[in-house]
Amino acid sequence: MKIIEAKDYQDMSQSAARFIIEQVNRLSAPVLGLATGGTPLGTYQVLREDHARNKTTYKHVYTVNLDEYVGVSPDHENSYTFYMKKQLFDHIDIPLSHTHLPNGMACDQDAECSRYEALIERLGGIDLQVLGLGLNGHIGFNEPGTPFSSKTHTVELTQSTKEANARYFDSYDAVPSQAITMGISTIMKSKQILLLVSGEKKAGILAKLLTEEPNEDTPASVLKTHQDVVIIADSDALSIVKERGMAF
Ligand code: GLP
């Protein structure tokens, strides 16, 4: 794993956006795996600004998102579909038909999970997967204990994840209890992975994932077994790693 230290959140967002733009410009039909949450908001802002200023085109780009809540309509402001349109898709020239998220409203969730897994394969796999890091080490919505062999599946969200995401909802009780997420093996098949980590509150889990052997209790630790992972973390997120004098 290659670790790049960013000064702060803004610097992390700039570096991440540069990284993504490079792939978008280099590949003829890039498949980007995208994440939601607070961490990539700044990155999407830089991508929007860059598109407006430098006219970077996304007409040839395909996207697959990591996850979506179950039972939240795509038009609802709390859905990840709404988030992606608001933060990115509505501001760049990507055809909406090229953008994909799991359908959290599907009646048959198992069929939806298989459809999503097959869709990623049909697109030729993910070239660059952007990831955030959950406070408990989750990636996508793969909570601690998720088998590394997992494919796209429906998950029950843990209390800690619901609490962390409650800030986007009216109350804790309004947070959906289930989501559809790419599995760990789905994520690991990506050709390249970009993990973004920002803030002091992520310092503990980042240090844990860097020190531990890969284990299913810390889902993100699986990334140590991938051949091409780049972590862009800001100084606050790296504070414990640096305190312990760990080399990176
Ligand atoms: C959420 C999302 C993840 C995200 C993570 C971290 O629950 N499902 O995809 O990466 O938790 O969120 P944040 O960036 O807001 O800290």
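Look up a bit, the structure's there.
Residues numbered from 1 in each chain as written. Predicted model: local features only at pLDDT ≥ 70, side-chain atom pairs only at ≥ 80, totals over all residues. Heavy atoms only, no water.

Draft legend 1. Main features of the layout of surface pockets. Space inside the largest pocket adds up to approximately 450 Å³. Taken together, 27 residues make up the lining of the largest pocket; nearest its centre are Gly37, Leu133, His138, Asn165 and Lys202. By residue number, the principal contributor to the lining of the largest pocket is helix H5 (residues 159–165), which donates four residues. Tallied by class, residues from the lining of the largest pocket come to 10 nonpolar, 13 polar and four charged. Taken as a whole, the second largest pocket holds about 270 Å³ of empty space. No other element matches the five residues that helix H3 (residues 80–87) contributes to the lining of the second largest pocket. (1 Å grid on protein atoms, 1.4 Å probe; cavity = no way out; pocket = protein on both sides within 12 Å on 5 of 7 lines; lining within 4 Å. Points joined across faces, edges and corners; volume = space filled by probe spheres on them. Helix = DSSP H or I, 4+ residues; strand = E, 2+ residues; numbered from the N terminus. Nonpolar A, V, L, I, M, F, W, Y, C, P; charged D, E, K, R; others polar.)

Draft legend 2. Summary view of the packing of aromatic side chains. Scanning all chains against the criterion turns up six aromatic pairs. Seen in terms of ring centroids, Tyr44 and Tyr83 are 6.4 Å apart; in terms of plane orientation they differ by 80 degrees. Their pairing is edge-to-face. Taken together, the residues span a long stretch of sequence, with Tyr44 in helix H2 (residues 41–54) and Tyr83 in helix H3 at a distance of 39 residues. Measuring from centroid to centroid gives 6.1 Å for Tyr80 and Phe141, while their planes differ by 15 degrees, and the two rings are stacked. You can see Tyr80 sitting in helix H3 and its partner Phe141 sitting in the loop between strand S6 (128–131) and strand S7 (153–156), a full 61 residues away along the chain. Assessed through its relative accessible area of 9%, Tyr80 is described here as buried. (Phe/Tyr/Trp six-rings, centres within 6.5 Å; stacked < 30°, edge-to-face > 60°. Buried < 20%, exposed > 50% of the residue type's maximum accessible area, 1.4 Å probe, protein only.)

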